[in-house]
Amino acid sequence: MPDEMRHLILKLFARRIRNINFDFSKTKTVIIRPKGNGIGDAVVLTAVCLQLKKAIKGIKIGVFSSERNKDIFLNNPVIDKVIGNKFLSYLKNRGKWQVFMDFIPTFTSKNIVCDYILNPECVICFEKNPKRHYTAQNVRNYDFYVKLKNQHLSTALKESPFAKYISFSDIRYILPDIKKEAEAMSSPWHKNKIRILFNPSGFDRNISKNDSLRIIKILTDTYHEKLDILVLNNEQNRILLKTENPHGWRFAPETDLKRMLGLCDSADLIISVDTSVVHIACALNKLLVGVYANCSENIKQFSPLNNGLSEIVVAEEEVTQSKHIKRLSVDKVITAAEKHINKM
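Notes on the structure in this doc start here.

## Quick word on the sheet that holds strand 1 (residues 29–33)
- Across the sheet, 6 strands lie side by side as 3-2-1-4-5-6; this open sheet has parallel pairing. The sheet terminates laterally at strand 3 (81–84) and strand 6 (144–146), the two strands that pair on one side only. Strand-to-strand, the axes of this sheet are offset by a mean angle of 20 degrees, without reference to chain direction.
- Two elements, strand 5 (residues 122–126) and strand 6, share 3 bridges in a ladder whose sense is parallel. Pairing of Phe126 across the sheet is with Val146, part of strand 6.
- The strands touched by helix 2 (residues 39–55) within the sheet are strand 1, strand 2 (60–65) and strand 4 (99–102), with strand 2 carrying the most contacts at an inclination of about 165 degrees.

## Describing the pairing of strand 8 (residues 227–231)
- Within strand 8, 5 of the 5 residues are buried, leaving the element largely enclosed by the surrounding structure.
- The alternating pattern of strand 8 places Leu227, Ile229 and Val231 on one face and Asp228 and Leu230 on the opposite face, and all of these are buried.
- The pairing of strand 7 (residues 194–199) with strand 8 spans 5 bridges and is parallel. From the neighbouring strand, Phe198 faces strand 8, where its bridge partner is Val231.
- What joins strand 7 to strand 8 is helix 7 (residues 209–223), and the crossover it makes is right-handed.
- The pairing of strand 8 with strand 9 (residues 250–251) spans 2 bridges and is parallel. Each residue of the ladder has a partner; that of Leu230, found in strand 9, is Arg250.
- In this region the chain leaves strand 8, passes through helix 8 (residues 235–241) and returns to the parallel neighbour strand 9; the handedness of that crossover is right-handed.

## Things to note about a nonpolar patch on the surface
- A contiguous nonpolar patch, built from Met1, Met5, Leu8 and Leu12 and spanning about 380 Å² of accessible area, is present on the exposed surface.
- By the secondary structure assignment, Leu12 is in helix 1 (residues 3–13).
- Overall, the relative accessible area of 46% leaves Leu12 in the partly exposed class.

## Points about the pattern of salt bridges
- Taken as a whole and judged by the stated rule, the model has 21 salt bridges.
- Lys193 is the partner of Glu225 in a salt bridge, and the nearest nitrogen-oxygen pair spans 3.3 Å. Pair noted here: Glu225 is in the loop between helix 7 and strand 8 and Lys193 is in the loop between helix 6 (179–184) and strand 7, with a separation of 32 residues, a long-range link.
- Between Asp221 and Lys217 there is a salt bridge whose closest N-O contact spans 2.7 Å. Residue Asp221 and its partner Lys217 are both found in helix 7; the two are separated by 4 residues, about one turn of the helix.
- If you follow the salt bridges from partner to partner, you end up with Arg33, Asp102, Asp115 and Lys128 in one network.

Basis of the calculations
Residue positions are given per chain, counted from 1 along the sequence in the order it is written. Side-chain atom pairs in this predicted model are given and counted only at pLDDT of 80 or more, local residue features only at pLDDT of at least 70, and totals for whole chains, interfaces and linings cover all residues. Working from all heavy atoms in the structure, the side-chain values ignore hydrogens and water. In this analysis, strands are considered paired if DSSP registers two or more bridges between them. Helix and strand definitions follow DSSP, with helices as H or I runs of at least four residues and strands as E runs of at least two, each counted in order from the N terminus. Lines fitted to C-alpha atoms define the axes here, with helix axes fitted over just the stretch in contact, and angles between the N-to-C directions of these axes take values from 0 to 180 degrees. In what follows, residue pairs with any heavy atoms lying within 4.5 Å of each other are defined as contacts. Only protein chains enter the calculation, and the probe is 1.4 Å; a residue is then buried if its accessible area is under 20% of its type maximum, exposed if over 50%, and partly exposed in between. For a crossover, the right-handed case is the one in which the path from the first strand over the helix to the second runs clockwise, viewed with the strands pointing away from the viewer. For patch building, the residue pool is restricted to those with more than 30% relative accessible area and no salt bridge; the joining distance is 9 Å between like charges and 5 Å between nonpolar side chains (Val, Leu, Ile, Met, Phe, Trp, Tyr). Each accessible area value is a Shrake-Rupley result obtained with a 1.4 Å probe; residue values ignore everything except the protein chains displayed when judging cover. The salt bridge definition used is simple: a Lys or Arg side-chain nitrogen within 4 Å of an Asp or Glu carboxyl oxygen.

In structure tokens form, the structure reads like this:
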């Protein structure tokens, strides 16, 4: 986009008259744009929705969704309306929502224009990373700007104008009802064994192939016939392990999102790299070993919920990007898994 067009967007759409006297205790409707389009972003956001539902009686909550994450929001008891994150949706919803909460990490030309069209009574903008053309200083299309303190995103409302109405003692994720899917996904497992679902890869990160196979081998050698290990059947895991003859493990059936939730629910223990599967396991109250890059900012924002069921293993080498898992200790992964297995 030419610089002249961006300057025009700043001039026409990046300002609003601030509504700093809005009474949040009487909020009736809130529309939320998640931090991203991913499944994990959606799962974490349900904690925020639950906090609002419990704090303000009768509040109606809407979310802008993507094709990837909409099934986390549809039929979810803490979400009343799911809206596709498309230009036309903002036009159709113009003036229909009191409070708009924006978690997207940067300002974009499209979002600045869409937010202007949406025209809510009050805008809460969560911290934005500066870009060349758009920063929190030259884009002032919000009423409240919330700086996050390197905290877990499920607690983001602690820094917002809603904070004084919310109790943060019960932080948890909420999923739609998946009983039918969980029953259907019980069939791939062998009977009378401890069910371990292993997910070594995500969209842009993975436990290395050698480390993944070592984890499986040590577990199967140690526990022999006691375990049944399924590897989540996604594209990244198929690429990672495509040349291997399964020994002590096998791929789970391919699934859509709802059936993947059911597969997670049918497992006894989930071992996963830092992806949406970690947050799904927390939402389902599953025993979990989460494997993370040594990136402190990411760990603070996206670590597993502290629900007493999760172990986290952090790679040895410090990195600046969460997708780089360097010098992972397989022994630590095994120790964390054994803590759970030995209690079963």
